[in-house]
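The residues making up each chain are set out below.
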Amino acid sequence: MSGLGRRPLLGLGLFAALGAAPARAGSIVGGSIAAAGPAARLALPVQGDQRWSVRALDDPRRLALHLPGATWRGPASLRGAGPVRAARFVESDDMLLIDLAAPALPRGGPARAGHIVIDIRRAPAADFAAAVRAGRDVLAGVARTPAALPLVVLDPGHGGRDPGAIGAAGTQEKRIVLAAALDLKARLEAARTCRVVLTRTRDVFVPLADRVEFARRRDAALFVSLHADSAPGARGASVYTLSETASDAMSEALARRENRADIAGGLRLPSVSPEVQRILISLMRQETRAGSARIARLAVRELGEEVPLLPNTHREASFVVLKAPEIPSALIELGFLSDPRDEAALRRPDHRARLASALARAVRHWLEATGVQAAAG
Ligand SMILES: [Zn+2]
């Protein structure tokens, strides 16, 4: 089901209700038992989320660590320490069997992100026997992989054989937008609230559909395309979000010019009935539209603090690069190379720095306001 189920905005509850929730089982990717004072400390590094629980067993005296659904990639057996003789994973039972040299019971060890840590201490024989008789879990928990930061995809328009707009002084759109995107990336990364990748980092041609797919493959939280096109009579920065009907003739013409290569790939959905798929798509589109509108609003506000704006700054049009159905997206016209004043400004690094700083603020506010949690794993 690709990244869909991991998109926090969609609400995992919905997927759980549909039986399409991602399994809460991870991989155990290593393991060790070491002496920690009088205790034996069992530490298992986990990828993904993993539920676990421990029971006491008699005859022979053991602890059973249940790891439901886990994929074991740790060593076949673990050497013991303290009251633990050794441990081995029994794949058919999703269970780590811990052989004890003496009666011992588990306690939670020091918390460590992405690890199951259990301290096993000697216990009075009567306590151990009571735990066996109770037949219940004596300890349980969930280990979680530390979440990755949300991903923002920046899309510098044009490139390679497609220079984009060219100003009267010869300024090429593809160069201006790449410089601005690199500046914005550096600012966002310095704030450490998101990861950032560019659809192109060099002067190469990238088809429009590939830019969208690039973001979708990576489960981007936000997609921002940067342009500096040409539009007769237009001056100042402006922001565009997706709509099948353009808000005005200029936006429609801009979109038509940008959309030479068309098509946005098929949607990958969990295997549910067509009816449920329609509901999912509709919910997803609502959330995507709301997220797109929000980044547009924030970008207009922050850009307005720094640079001249085109009147009716937030516009709508059917740009192909805005068509990822599950990723909030906006296209920013940093200015218009067809306007000599905009062209002169866009050539200046200090002007591009003001644009990048405004957009970095907008993205940071968007991440905060949207509450985009990092995707686990
Ligand atoms: Zn462009």
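See above for the structure.
Let me begin by describing the structure that accompanies this report.

## Focus: helix α3 (residues 173-191)
Between its first and last C-alpha atoms α3 spans 27 Å; for 19 residues at 1.5 Å apiece the expected length is 27 Å, and the two agree. Tucked into the core, α3 has its buried residues touching β13 (151-156), β14 (195-198), β15 (222-227), α5 (249-258), α7 (340-347) and α8 (349-370).

## Quick look at the pattern of salt bridges
Counting across every chain of the model gives 17 salt bridges. Between K174 and D203 there is a salt bridge, with its nearest N and O atoms 3.1 Å apart. Here K174, found in helix α3, pairs with D203, found in the loop between β14 and α4 (208-217); they are 29 residues apart in sequence, far enough to count as distant. For D203, a relative accessible area of 37% puts it in the partly exposed group. R348 serves as the salt-bridge partner of D350, at 3.1 Å between the closest nitrogen and oxygen. Using a relative accessible area of 39% as the deciding quantity, one classes D350 as partly exposed. Among the charged side chains, a salt-bridge network with shared partners connects R235, D339, R341 and D342.

## Points about the sheet that holds strand β8 (residues 84-90)
Pairing is antiparallel in the open sheet, where six strands are placed in the order β7-β8-β9-β5-β4-β12. Of all strands in the sheet, those bounded by a partner on one side alone are β7 (77-79) and β12 (139-143). Taken pair by pair, the neighbouring strands of this sheet meet at an average axis angle of 20°, ignoring direction. One ladder, built from five bridges, connects strand β4 (residues 50-57) with β12; its direction is antiparallel. Within β12, the residue paired with V54 across the bridge is L139. Sheet strands in contact with helix α2 (residues 125-134) are β4, β5 (62-66) and β9 (95-100), and its direction is about 115° off that of β4.

## Looking at the sheet that holds β15
Reading across from one edge, β14-β13-β15-β18-β16-β17 is the order of the six strands in this open sheet, with mixed pairing throughout. This sheet does not close on itself; its edge strands, each paired only once, are β14 and β17 (309-317). Put simply, the sheet's adjacent strands are angled 20° from each other on average, direction ignored. Sheet analysis places β13 next to β15, joined by five bridges and oriented parallel. If you follow V152 over to β15, its bridge partner there is L222. Most of the contacts of α5 go to β17, to which it runs at about 60°, and overall it touches β15, β16 (237-242), β17 and β18 (329-333).

Rules of the game
- Residues numbered from 1 in each chain as written.
- Predicted model: local features only at pLDDT ≥ 70, side-chain atom pairs only at ≥ 80, totals over all residues.
- Heavy atoms only, no water.
- Helix = DSSP H or I, 4+ residues; strand = E, 2+ residues; numbered from the N terminus.
- Expected span 1.5 Å × (residues − 1).
- Contact = heavy atoms within 4.5 Å.
- Salt bridge = Lys/Arg side-chain N within 4 Å of Asp/Glu carboxyl O.
- Buried < 20%, exposed > 50% of the residue type's maximum accessible area, 1.4 Å probe, protein only.
- Pairing = 2+ DSSP bridges.
- Axes fitted to C-alpha atoms, helices over the stretch in contact; angles between N-to-C directions.

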